[in-house]
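Coordinate analysis (summary)
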Amino acid sequence: MSIARRSAHSLALLLVPAVLVAQAPLNKYGYPEKHTPKPTTPAITAADLMTRLYIFADDSMEGRQVGRIGNMKGTNYIAGELKRLKIEPMGDNGTYFQTLPYIQRKFTEQSTLTVDGKALRFNADFVPVVGMALVAPRAIAGAQVIYGGVAGDTAKQITAAQAAGKFVILSPAPARTGAPAAGAPGGGRGNFGGGGGAARFPDAVAVATIDLDALSPAARAALNNPASTMARQTAAAPGARDIVVNKNGQVGVVRGGALVSGSLPAGQTAASVQAYADSIARADSIARAARPAGAAGGRGQGGFNGGAAANTGAPVASFRITSAAAATLLGQSVDGIALGATGGNATASLDYKETPTDYGRNVVGVIRGSDPKLRGEYVAIGGHNDHIGYRGVAVDHDSARTAASMRLKLQMSTGDLLALTPEQAASIKVNVDSLRKIRPARADSINNGADDDGSGSMGVLEIAEAISKMPVKPKRSILFVWHTGEEAGLVGSAYFVAHPTVSLDSVVTQINIDMIGRGRAEDVIGGGDNYVGVLGANVLSGDLGRIMAEVNAKRTKPIGLDSRFDDPTLGTPVNGVVHWP
């Protein structure tokens, strides 16, 4: 969850405690590991929320990471439920979806790698690695193979000059306890020439790391099935975003060069704040335009399938290979090999393609208001449908969970969720033996995202079902938006604001729900059964905060509303920072 940036139409964030439901076998919160789905009802119930969340956060959803197939599966479930409930689609072209321009870039099995005419096998001996670069790697045609040393250890590597024009082979870096394998799926973004090879050897034609042996065929295939990336990004027009300025607790919001809320620190004006933000936006737009872009939707073969030497501006090709493949390329085993030893001549034909995907989608639906005069106004209710996917390697679920709980407890003890010091982090010890007395080790590679934000997304879906069954609908129309890519930098919400399916001027407020299961006393300072964390209602809209407080005061048992998250310096040791969106 990110709270550093806000749009004009994202006003409130709710954090409430989870409901405990007893069902054996149970964890300490009263939840079973698996749950049989049951038909949902018009009422908002714990049983309905359990059914929905166990589906939405199931392992089969693969962590719903934007850019991967799991996000498509998750958004399919939401859209299917909206269709079943006969809620009107409000996405693009009469659908429930607003598909972001994500492109999957990968090498096909037609890719080949040979050394002095001897062919290596795709996936069995080598895997070309795709990263975030938007163009295909440089050509590999008769490039001399050279042993470059140990990945990540510049003291044990050849020089950049020695690597120029060569096919560099690196031994793997020593494994760190508990760390994912370098370049493992879900383990990081990387790029062509990943693992630091491109930066260390910018004039090499390729860098190959010997770390494929331990991976299964399925894991090797996953290396060449990376998360899709945005084909293009749309920079916001100057003045289009709210700028939140916070200094020593003094908060001001500038929109379109005018102060619309709060006050600015001494020496700052709305015009100067807007000019500074616009200069940042223009610089970002220029930088994006300068980036090389691949030809979407086709195969990029041309200049890198043999022929010329390195292409100017093309990235270094990156491979992961087995130790046997390394021996074939070098003509000898790497055991005891001398640094800078040379081998055969490598040639590659890398069949690289780009395909638009449905792996990043907002889901949008609407229930029309009952008042003819007010139904043209919208109350938007939303949550983010994505999470962070899966790790490249499995970790022990119980010890990882225990360590995370201990880390949070230490952070809460600071009174302000401050980051742990190195000494505090080092003090965290997990007694694995005691965990094993409870159950055997459970290897886990999927970040299910039940809390962040499966809980919020399914809460929104429950609200949608309840309103859809009302005999008389609310006076205003209710717009439901499940944004994608929150974990990737708020890309789904930014895309909706840039490409709204209703006029933004007609949206009177938006309530965004994130992490319904994160309000216990052990989760947040001041948490409990009556806790709700609120973000933005008292910053960008005084009316929303006032109305919320008035309604809450009329309750027999008012909810404990916590607005401390409106302070963007919370959780940092620095007070007095200008925060830009």
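Rules used throughout
- Residues numbered from 1 in each chain as written.
- Predicted model: local features only at pLDDT ≥ 70, side-chain atom pairs only at ≥ 80, totals over all residues.
- Heavy atoms only, no water.
- Helix = DSSP H or I, 4+ residues; strand = E, 2+ residues; numbered from the N terminus.
- Buried < 20%, exposed > 50% of the residue type's maximum accessible area, 1.4 Å probe, protein only.
- Contact = heavy atoms within 4.5 Å.
- Areas by Shrake-Rupley, 256 points an atom, 1.4 Å probe, with all protein chains shown as cover.
- Expected span 1.5 Å × (residues − 1).
- pLDDT = per-residue confidence, 0-100.
- Core = buried A, V, L, I, M, F, W, Y, C linked by side-chain atoms within 4.5 Å.
- Pairing = 2+ DSSP bridges.
- Polar contact = N/O pair within 3.5 Å; in protein donor to acceptor, adjacent residues only side chain to side chain.
- Phe/Tyr/Trp six-rings, centres within 6.5 Å; stacked < 30°, edge-to-face > 60°.
- Axes fitted to C-alpha atoms, helices over the stretch in contact; angles between N-to-C directions.

1. Focus: the overall build of the protein chain
- Counting secondary structure elements, the protein chain contains 13 helices and 25 strands.
- The buried share among the 581 residues of the protein chain stands at 44%.
- Restricting to contacts in the protein chain with at least 6 residues of sequence separation, those with at least 24 account for 78%.
- Here the protein chain has roughly 26,900 Å² of accessible surface; of this, 56% comes from carbon and sulfur atoms.

2. As for helix α2 (residues 69-84)
- With 16 residues, α2 should cover 22 Å at 1.5 Å per step; its first-to-last C-alpha distance of 23 Å lies within 8% of that length.
- All of the buried residues in α2 are G70, N71, G74, T75, Y77, I78, A79, E81 and L82.
- Contacts from the buried residues of α2 go to α1 (46-56), β3 (97-99), β18 (361-367), α11 (450-468) and β22 (477-483).

3. A closer look at the confidence of the model for the protein chain
- Of the residues in the protein chain, 77% reach a pLDDT of 70 or more, and the chain-wide mean stands at 80.
- In this model residues 176-195 is a low-confidence stretch, pLDDT under 50, and it forms 46 contacts with partners more than four residues away in sequence or in other chains.
- Confidence drops under a pLDDT of 50 for residues 574-581, and excluding neighbours within four residues, the segment shows 30 contacts in the predicted structure.

4. Quick look at the nonpolar core
- One finds L113, I140, F167, I169, F319, I321 and L329 to be the most contacted residues of the largest nonpolar core, which totals 32 residues.
- When residues of this core are traced back to their parent elements, those giving at least two are β5 (112-115), β8 (140-150), β9 (167-171), β10 (206-210), β15 (317-321), α7 (323-330) and β16 (342-349).
- In this structure, I321 is in contact with D125, F126, I169, A208, T209, I210, D211, L212, D213, A326 and L329, ignoring residues within four places of it in sequence.
- Counting residues in hydrophobic clusters, the runner-up holds 23 residues, among them A79, F97, V460 and W482.

5. Digging into the sheet that holds strand β17 (residues 352-356)
- Sheet architecture is open: three strands sit in the order β11-β4-β17, paired in antiparallel fashion. Two strands close off the open sheet at either side, each with one partner strand: β11 (229-230) and β17.

6. What to know about unusual backbone geometry
- Each neighbour pair has its own omega, and for D452 with D453 the value is -5°, a cis peptide bond.
- Among the structural elements, D453 can be located in helix α11.
- The backbone of N93 shows a phi angle near 55°, a positive value even though the residue is not glycine.
- Along the chain, N93 turns up in the loop between β2 (88-89) and β3.
- Residue classification places N93 among the exposed positions, given a relative accessible area of 79%.
- With a phi close to 65°, M515 is a non-glycine residue in the positive phi region.
- Relative to the helices and strands, M515 resides in the loop between β23 (507-513) and β24 (531-534).

7. Observations concerning the side chain of T229
- Assignment of secondary structure puts T229 in strand β11.
- In this structure T229 comes out as buried when scored by relative accessible area, which is 10%.
- At 2.3 Å, the side chain of T229 forms a polar contact with the side chain of R105.

8. Comments concerning the environment of Q162
- As for its placement among the helices and strands, Q162 is situated in helix α3 (residues 160-163).
- Owing to a relative accessible area of 37%, Q162 belongs among the partly exposed residues under this scheme.
- Linking Q162 and D203, residues 41 residues apart in sequence, is a C-alpha distance of 9.5 Å.
- A distance of 2.9 Å separates a polar atom in the side chain of Q162 from the backbone nitrogen of T159.

9. Details of the packing of aromatic side chains
- Taken as a whole and judged by the stated rule, the model has six aromatic pairs.
- Aromatic side chains F122 and F126 sit 5.7 Å apart centroid to centroid with 90° between the ring planes, which places their arrangement in the edge-to-face category.
- Relative accessible area serves as the criterion here: at 0%, F126 is assigned to the buried category.
- Aromatic pair F480 and W482: ring centres 6.2 Å apart, planes at 25°, arrangement stacked.

10. Some thoughts on the side chain of N362
- Note on placement: N362 falls in strand β18.
- Reaching out from N362, the side chain makes a polar contact with the backbone nitrogen of T484 at a distance of 2.8 Å.
- A polar contact of 3.0 Å, which involves the side chain of N362, links it to the backbone oxygen of G492.
- If we ignore the near neighbours within four places in the chain, the residues touching N362 are Y96, F97, Q98, L100, N385, W482, H483, T484, G492 and F496.

11. What to know about the sheet that holds β9
- A sheet is described by the order of its strands in space; here eight strands give the open sequence β6-β5-β16-β8-β9-β10-β15-β7, paired in mixed fashion. The sheet terminates laterally at β6 (118-120) and β7 (126-128), the two strands that pair on one side only. Across the sheet, the axes of successive neighbouring strands diverge by a mean angle of 30°, strand direction being ignored.
- Relative to β6, β5 is paired through three bridges, and the arrangement is antiparallel. Its bridge partner lying in β6, T114 is registered against A119.
- α7 rests against β5, β6, β8, β9, β10, β15 and β16 of the sheet, and its axis sits at about 110° to β16.

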